[in-house]
Amino acid sequence: MKDKIRFPIYGGGKYECLEDVIRAFKEEEWKKLSTYICKIVEYNIPYRDYLRENGIDGLIEHLCDEAPSFREEEDAIKELQGWYSQQGGIADYDIQCYGIDDSFDVLGHTFQGLQEIRERVEMFSFQGYSGFRIFTPEETVGSPDGLHIGMMFQSYPQFDSYDAGDNRSYDNYIIRKKEITKSDMEKLSEVPSLYNDMRIHERIPASMLPILYYGGSGDYILLATAKDNT
């Protein structure tokens, strides 16, 4: 069962409610709510929905009602206001955070964690020094419930000889009800990216959903789906 609040953070971000988040952060001085409040809102459907329908002032009041101590978090409130102003709104799809071993539903199929996604990739694309390449594996596991998966990856940057053995990559996956084509992978590469080649944000073309992202390290993934696919 998915935790009520889940967001990316070193050491785990699973909480029952916002008040629990605030309480936990106060116990560990290095955790600042202002650093994570935007991710808490962006990656949890109830907060996304409330923000979309009521605007930032309405959401802040809602957060204060839900967790009265939030009213004292002035830095977090300012951070949230600045983030929303910069975004200019919230997209009409869902973004959720899961652990890499969590089960999650996409297009009617329950995937058993990131590993199942990886095992079922039928087409890869790679952005490297030699340009953009698309290729298929020699063998595939097969499509679950008629779904098909494509993966675009980019290797971690290598600055010196110490990085030569680092085989991690930034991974973006698309999940479809039809076979993945080269055109699908090319369109994925055209989606704007944020830091670490992440294609999940508030400007994903509707035709590209669902998209799943894994940053190559850490214990969480991000999943963006259309509202009727959750």
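Residues numbered from 1 in each chain as written. Predicted model: local features only at pLDDT ≥ 70, side-chain atom pairs only at ≥ 80, totals over all residues. Heavy atoms only, no water.

(A) Structural detail: the sheet that holds strand E6 (residues 121–128). Taken in spatial order, the seven strands line up as E3-E11-E10-E9-E8-E6-E7 in an open sheet, and their pairing is mixed. Taken across any chain shown, the strands that pair with only one partner, and hence form the sheet edges, are strand E3 (94–99) and strand E7 (131–135). Pairwise comparison of adjacent strand axes, ignoring direction, gives a mean angle of 20° for this sheet. With three bridges connecting them, strand E10 (residues 211–214) and strand E11 (residues 220–225) associate as antiparallel partners. Bridge pairing links Leu212 to Leu223 in E11. (Pairing = 2+ DSSP bridges. Helix = DSSP H or I, 4+ residues; strand = E, 2+ residues; numbered from the N terminus. Axes fitted to C-alpha atoms, helices over the stretch in contact; angles between N-to-C directions.)

(B) Region of the structure containing the packing of aromatic side chains. Summed over all chains, the structure comprises 10 aromatic pairs. An angle of 15° between the planes, with centres 5.8 Å apart, marks the rings of Phe7 and Tyr15 as stacked. The two residues Phe7 and Tyr15 agree in class, both being buried. With centroids separated by 6.4 Å and ring planes inclined at 80°, the aromatic side chains of Phe124 and Phe153 adopt a geometry described as edge-to-face. With Phe124 in strand E6 and Phe153 in strand E8 (residues 148–155), this pair connects stretches of sequence that are 29 residues apart. By relative accessible area, which is 18% here, Phe153 ends up buried. (Phe/Tyr/Trp six-rings, centres within 6.5 Å; stacked < 30°, edge-to-face > 60°. Buried < 20%, exposed > 50% of the residue type's maximum accessible area, 1.4 Å probe, protein only.)

(C) Layout of the pairing of strand E4 (residues 103–106). Side chains Phe104 and Val106 project from E4 onto a buried face, and the interleaved Ser103 and Asp105 project onto a face without burial. The turn linking E4 back onto strand E5 (residues 109–112) is made up of two residues, and Leu107 within it adopts a positive phi angle of 50°.

(D) Layout of the nonpolar core. Core analysis: the largest hydrophobic core is formed by 29 residues, its most contacted members being Phe7, Leu18, Val21, Phe70 and Leu80. Taken together, the elements giving at least two residues each to this core come down to helix H1 (18–27), helix H2 (33–42), helix H3 (45–66) and helix H4 (74–87). Take this core: its biggest share by element is seven residues, from H3. Ignoring anything within four residues of it in the chain, the contact list for Phe7 reads Gly13, Tyr15, Val21, Phe25, Tyr36, Lys39, Ile40 and Cys97. With 22 residues, the next largest nonpolar core counts Met123, Met185, Ile211 and Tyr213 among its residues. (Core = buried A, V, L, I, M, F, W, Y, C linked by side-chain atoms within 4.5 Å. Contact = heavy atoms within 4.5 Å.)

(E) Structural context of the confidence of the model for the protein. Scored by pLDDT, the protein comes out at a mean of 90, with 92% of its residues at no less than 70. Across the protein, the secondary-structure element scoring lowest on mean pLDDT is E7, at 89, and the one scoring highest is E10, at 98. (pLDDT = per-residue confidence, 0-100.)

(F) Inspection of the pattern of salt bridges at higher detail. A full pass over the atoms with the stated rule returns 13 salt bridges. As a salt-bridge pair, Arg118 and Asp171 come within 3.8 Å of each other at their nearest N and O atoms. You can see Arg118 sitting in helix H5 (residues 113–119) and its partner Asp171 sitting in strand E9 (residues 169–176), a full 53 residues away along the chain. Note on Asp171: relative accessible area 2%, which makes it buried. Taken together, the shared-partner salt bridges in this structure form one network comprising Asp49, Arg52, Asp94 and Lys227. (Salt bridge = Lys/Arg side-chain N within 4 Å of Asp/Glu carboxyl O.)

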